[in-house]
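# Architecture at a glance
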Amino acid sequence: MEMRKEKEISNIQYSVLNDEEKSSAGSNPLTHSMLNVHYLSFIIFFFLFLISITSFSQQQRFPKPEFDTGYEQPNTTTPEPRALALEFIDVFILMSVMALAAWFVFKSRSRRGILFLSIFSLAYFGFYREGCICSIGSIQNIALSFFDPAYSVSLPTLAFFILPLLVTLFFGRLFCGSACPLGVIQDLVIIKPIEIPRWLQKSLGLFPYIYLGIAVLYAATGTDFIICRFDPFVGIFRMSAEFHIIVLGIAFLLIGLFVARPYCRFVCPYSVLLNWVSRFSWKHLSITPSKCIQCKLCTNSCPFDAIDFPTDEKLKLNSKSNQRDFALYALLVPVWMIVFGFAVSRAHSFLAQANSTVYLAELLIEQPELISESDNLDIETFRSSGKTLDQLVEEARVIQHEFYTGSWILGIFLGLVIGVLLMNQFRFRKRKDYEANKADCLSCGRCMDYCPVPK
Amino acid sequence: MSETKKHTRRDFVRMGARASIGFALAGVAGFSLVDLNKEKYVWQIDPFKCTQCGRCADHCVLKPSAVKCVHAFALCGYCDLCGGYLKPEAKERTTAAENQLCPTAAIQRKYIEDPYFEYVIDEALCIGCAKCVKGCGSFGNGSLHLQIRHDLCDDCNECAIARVCPSDAIVRVSIDEPYMIKGNFSKDGNA
Amino acid sequence: MNKRLISIFLGLLVLIIVVVLVLDFSSTKIENRNANPYEFNVDEFEKVDAELIHYRESKQIKLDAETLHGIAYHHGLIYLLQDSLLKIIDLDGHLINSFELNDEARTITVSKEGKILIAFKNYFDFYADDFTLLAESEHENDTSIFTSIALTANSIFVADAGNRRVIMYDESGKKTGEIGGETEKDSKHGFIIPSAYFDLAINNSGELWVVNPGKHQFQQYSLDGRLLGYWEKSSMKIDGFSGCCNPAHFCFLPNGDFVTSEKGMIRIKVHSPSGDLKSVVAPPSKFPEGIHAPDMCADEDGNIIALDFDLKMIRIFNLK
Ligand code: SF4
Ligand code: SF4
Ligand code: SF4
Ligand code: SF4
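Residues numbered from 1 in each chain as written. Chains lettered and ligands numbered in written order. Predicted model: local features only at pLDDT ≥ 70, side-chain atom pairs only at ≥ 80, totals over all residues. Heavy atoms only, no water.

Here the focus is the interface of chain B and chain A. Of the residues lining the interface, 58 residues belong to chain B; the matching set on chain A comes to 64 residues. Carbon and sulfur atoms make up 59% of the area that chain B and chain A hide from each other, which totals about 5100 Å². Of all residues in chain B, Arg-18, Leu-25 and Asn-157 of chain B bury the most surface against chain A, accounting for 13% of the area lost on that side. Between chain B and chain A we count four salt bridges in total. Of the charged contacts, one joins Lys-40 of chain B and Glu-87 of chain A as a salt bridge, the two residues approaching to 2.8 Å between their closest N and O atoms. Put simply, chain B and chain A have 17 residue pairs in polar contact (both at pLDDT 80 or more) between them. Among the secondary structure elements, those contributing two or more residues to the side of chain B that touches chain A are helix H1 (2–34), strand E1 (41–45), helix H2 (55–59), strand E2 (67–71), strand E3 (107–113) and strand E4 (116–121) of chain B. When residues of the side of chain B that touches chain A are assigned to their parent elements, the largest contribution, 13 residues, is made by H1 of chain B. (Contact = heavy atoms within 4.5 Å. Buried area = accessible area lost by both parts, 1.4 Å probe. Salt bridge = Lys/Arg side-chain N within 4 Å of Asp/Glu carboxyl O. Polar contact = N/O pair within 3.5 Å; in protein donor to acceptor, adjacent residues only side chain to side chain. Helix = DSSP H or I, 4+ residues; strand = E, 2+ residues; numbered from the N terminus.)

Set out below in structure tokens:
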């Protein structure tokens, strides 16, 4: 081996120990070119060195003890996760269930068929697959994948999101009636549905919009998946969850004894999408197989108050002023959007507190003494992470900014929803027969059994 | 007459709305398909980020937790004085319960030959509390570490532990390589 | 059932739901989160009685290096192995000299006369004080990992962690023998080396000491390889050595005391030749949570020069 003496050059290049010398080297063009030559050799050495390191670490890290008794070192086991292929089977089953449901709703018109199908779905998607992943939760995966470049959805997840909507666009909410395990478990406990006043229905019906908006906001900012976090039934499907989640599930089921499918109608964020897609569905369940004879037998058959009655002829008299109001409220919609956008954007820092980075940063700005004193686990972890407060605050600021933009969009969306809702109050559509409301009907098929008209 | 006209107009509007919803759905699908994840993510613990806070034991949706301690045997020193097994104040180096660090006595100590001992985790007992991980990291080679066991894990859409992990140690990894066993990969990600 | 009752019942349930949600949200707020119920508090072991700490960190020299390998001291100068270089710097951090090595060096030692020994994975080079190459040793086999080297007047000792033995060479680099570390009492296992830490050194009176890290033991050998004696201190507390392979490095003070450094819970201490803890140089709190025990050497006055692999700097500790 040869050892080269390179006093001059290396004196300059490697005197990083000493900052003044380093800067003087930079200003001298001559030494610069010499440096380059030197760099080359350095790089070559560095590569040789890298190769030697990697080839070394590819072998056993360090020879194990020499065991004289012939002891064999066990391998660390790594049980495989559920195979991806099985996930495609889930998608296939979902599709089959919805296809069968279409057949029961449109061809055989059998409530029984739908009932058994829905019980199968509950057993499979609920108790066997333990409720994950479901279409409701997939909203968040889609939202996250749109905003986080590092995250992308897998095909089964995308299918779980898109397929029920697509089916709804053609045939109405078959997914709700037959495939959704969360819906079915509530459907099975309906014993004495009471009628909820129209105003209450309408106002509670706003909640899914808010829930959807916030869930998307939180998912998109990488803060939380609140739909999954507060899924009331997943604990029951898994037979294991934190205590309060079980309480939540039981409370919903108890409410469900009297208010049919409370989660579906007043909470479920996916229902917002299904509801709107279903309004424009190509075909939809009809109560009667051919022509309504106005027997009124079906009027009380729907536990979800989703049957529209024929319109009162007298109301038509008012339709002129109605049209004026309608136009007025239509013009007000943009105003609502701006007002709500502004209002919610004011609340962005409150909303952002759900993000743990933001929350921690705010806490530490407010009480800087905590950084050194607190024995709180999270603060301690932050302290020993070596991150500075400035770095944390900077991260938090970025997230907060996302929340600012997001809450404007959320507000505008909510304004739109409320504007359209108010506007629709004055919309008048003539109806001659008893019909299932396309938006609210969950295609459970109960009403079909009440209609006396022969097939 | 006007009645039917109205009808056709409404039908037309409906057709339009239907088509636009169709396009919107196709748009979402297309957008997602562009950078589709061919595999799938599952949750795993990055042992180099984990700070042994103990939350893995209590915050998994499963009871007991799907997180277990695993032993990277290749890194283990097979020591008699094992910092992950013995309480620091233990009087003797034996399997007596009062000497053991693990709250559920999930670590089995087996004599191999002088002076080597093998340590194996009984996963049925382990609750993923990370106490031994802390001990092994502080006093030993760091061969004990936590991993999410995929035969147990329900693969929640969002791991409930990830939500509370103070060190963001729970990350999404590709289903192709669902484990981060120490020694098989290094801190900087290269093998 | 009457309608009122049902409404009250429903109202109650809604209330429960709201309470559950609020509770869940507030319980995950950072201030309200639980402390670790399974906490294994090693802080107590990291805390060291201030009375025991007799040293003060007087200087830090930052190094701009990819990797560091070893350090030695001779006559006011620090010999540092970094990347593919041997650098010689003074105690203020000024570069005096620098040499390119064409292999990844692993450890270095400088004799009283200024002769330099640089060990590589499985061989070593021997230089005179004017940096002329005196000898290159034979290459050992592939499983060898040389981790330490020392010399007396006419022989050279190398710790080979990979093969768990000490190899003896003459001055020309020819292998003359091996020490396996077996004793009669415990003949099966010689040196127990769970990971690549295996140090040896020769003190001022010419005694060869080798660490048996798996047993937390220091063993003294005659220069022809006979075990003369040993002391061991196994304990998770400050008075002994803990973990799998400690002490990871050691060197001698001019008065013959042992300066030891441990990995896992990193700490540097001074032990007397009989094994008793004399003082603590640097408690664990001085080091970030790292894995590497610092390499060390000592100057004529007993100041300790430590090479911190994780922080990439030289840290000098003076007696208070
Ligand atoms: S099919 Fe529709 S309208 Fe009929 S009972 Fe079911 S939800 Fe109500
Ligand atoms: S929650 Fe995070 S830091 Fe705590 S033990 Fe689990 S992985 Fe480690
Ligand atoms: S100490 Fe905790 S993590 Fe370790 S084996 Fe026991 S239960 Fe599992
Ligand atoms: S994904 Fe769910 S089951 Fe798996 S470790 Fe996390 S919380 Fe537990």
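On to the sheet that holds strand E11 (residues 155–160) of chain C, then. Residues and elements named next belong to chain C. If you walk across this open sheet you meet the four strands as E10-E11-E12-E13, and the pairing is antiparallel. Strand pairing shows two members of the sheet lacking a second neighbour, strand E10 (146–151) and strand E13 (175–179), which therefore form its edges. On average, adjacent strands in this sheet sit at an angle of 20° to one another, irrespective of strand direction. Strand direction decides the pairing type here: E10 and E11, joined by five bridges, are antiparallel. Bridge assignment links Leu-151 to a residue of E11, and that residue is Ile-156. (Pairing = 2+ DSSP bridges. Axes fitted to C-alpha atoms, helices over the stretch in contact; angles between N-to-C directions.)

Let's shift gears to empty space enclosed by the protein. All names here are of chain A. Under the criterion given, the structure shown has 11 cavities of 30 Å³ or more. Its boundaries defined by the atoms lining it, the largest cavity holds a volume of some 110 Å³. Together, 13 residues line the largest cavity, and Phe-125, Ile-133, Cys-134, Phe-160 and Pro-181 are the ones closest to its centre. Of all the secondary structure elements, the ones that give two or more residues to the lining of the largest cavity are helix H4 (84–107) and helix H8 (174–179). A breakdown of the residues in the lining of the largest cavity according to their chemical character gives nine nonpolar, two polar and two charged. (1 Å grid on protein atoms, 1.4 Å probe; cavity = no way out; pocket = protein on both sides within 12 Å on 5 of 7 lines; lining within 4 Å. Points joined across faces, edges and corners; volume = space filled by probe spheres on them. Nonpolar A, V, L, I, M, F, W, Y, C, P; charged D, E, K, R; others polar.)

Judged by nonpolar contacts, the single largest core of 120 residues is most densely connected at Ile-136, Phe-175, Phe-233, Tyr-263, Tyr-270 and Phe-304 of chain A. In contact with Tyr-270 of chain A, not counting residues within four places along its chain, are Ser-135, Ile-136, Ile-139, Phe-160, Phe-161, Pro-164, Leu-165 and Phe-175 of chain A. Residues Trp-43, Val-67, Ala-106 and Ile-121 of chain B belong to the second largest nonpolar core, which totals 43 residues. (Core = buried A, V, L, I, M, F, W, Y, C linked by side-chain atoms within 4.5 Å. Buried < 20%, exposed > 50% of the residue type's maximum accessible area, 1.4 Å probe, protein only.)

What follows is about a nonpolar patch on the surface. A cluster of nonpolar residues, Phe-88 and Leu-155 of chain A together with Leu-33 of chain B, forms a patch on the protein surface that exposes about 250 Å² of accessible area. By the element assignment, Leu-33 of chain B lies in helix H1. We classify Leu-33 of chain B as partly exposed; its relative accessible area is 45%. (Patch = residues over 30% accessible without salt bridge, like charges linked within 9 Å, V, L, I, M, F, W, Y side chains within 5 Å. Areas by Shrake-Rupley, 256 points an atom, 1.4 Å probe, with all protein chains shown as cover.)

What follows deals with the domain arrangement of chain C. What the domain assignment reports for chain C is domain 1 (2–31) and domain 2 (54–319). The distance between the C-alpha centroids of domain 1 of chain C and domain 2 of chain C comes to 66 Å. (Domains from an automatic or database assignment.)

The full set of residues close to ligand 1 is Leu-285, Cys-302, Phe-304, Ile-307, Ala-436, Cys-441, Leu-442, Cys-444, Gly-445, Arg-446 and Cys-447 of chain A. When its residues are assigned to classes, the shell around ligand 1 shows nine nonpolar, one polar and one charged. (Near = heavy atom within 4 Å.)

One pass over the structure, following the stated rule, counts 42 aromatic pairs over all chains. Taking the centre distance of 5.4 Å and the plane angle of 25° together, the rings of Tyr-151 of chain A and Tyr-41 of chain B count as stacked. Here Tyr-151 of chain A, found in the loop between helix H6 (135–147) and helix H7 (155–171), pairs with Tyr-41 of chain B, found in strand E1, and the two come from separate chains. Take Tyr-151 of chain A: its relative accessible area is 7%, and that puts it in the buried class. For Tyr-41 of chain B, a relative accessible area of 23% translates into the label partly exposed. Site record: aromatic cluster; members linked through ring pairs are Trp-209, Phe-218, Trp-231, Phe-241, Phe-250, Phe-252 and Phe-258 of chain C. (Phe/Tyr/Trp six-rings, centres within 6.5 Å; stacked < 30°, edge-to-face > 60°.)

To continue, consider the sheet that holds strand E14 (residues 200–202) of chain C. Residue and element names in this part refer to chain C. Spatial strand order, E14-E15-E16-E17: four strands in an open sheet with antiparallel pairing. Among the strands making up the open sheet, the edge pair consists of E14 and strand E17 (227–232). Sheet twist, expressed as the mean angle between neighbouring strand axes with direction ignored, is 20°. Judged from the three bridges that link them, E14 and strand E15 (residues 208–212) form a sheet pairing that is antiparallel. Across the sheet, the residue bridging to Ile-202 is Leu-208, located in E15.

To continue, consider the packing of helix H14 (residues 243–258) of chain A against helix H1 (residues 3–27) of chain C. The geometry of H14 of chain A relative to H1 of chain C is characterised by a closest axis approach of 9 Å and an angle of 155° between their N-to-C directions. For the element pair H14 of chain A / H1 of chain C, the angle class is roughly antiparallel. Judged by the twist between their axes, the crossing of H14 of chain A over H1 of chain C is left-handed. Where H14 of chain A abuts H1 of chain C, its residues His-244, Val-247, Leu-248, Ala-251, Phe-252, Leu-254, Ile-255 and Phe-258 of chain A lie against Ile-6, Phe-9, Leu-10, Leu-13, Val-14, Ile-16, Ile-17, Val-20, Leu-21 and Asp-24 of chain C. (Parallel < 35°, antiparallel > 145°, perpendicular 65-115°, else oblique. Left-handed = near helix turned anticlockwise from the far one by under 90°.)

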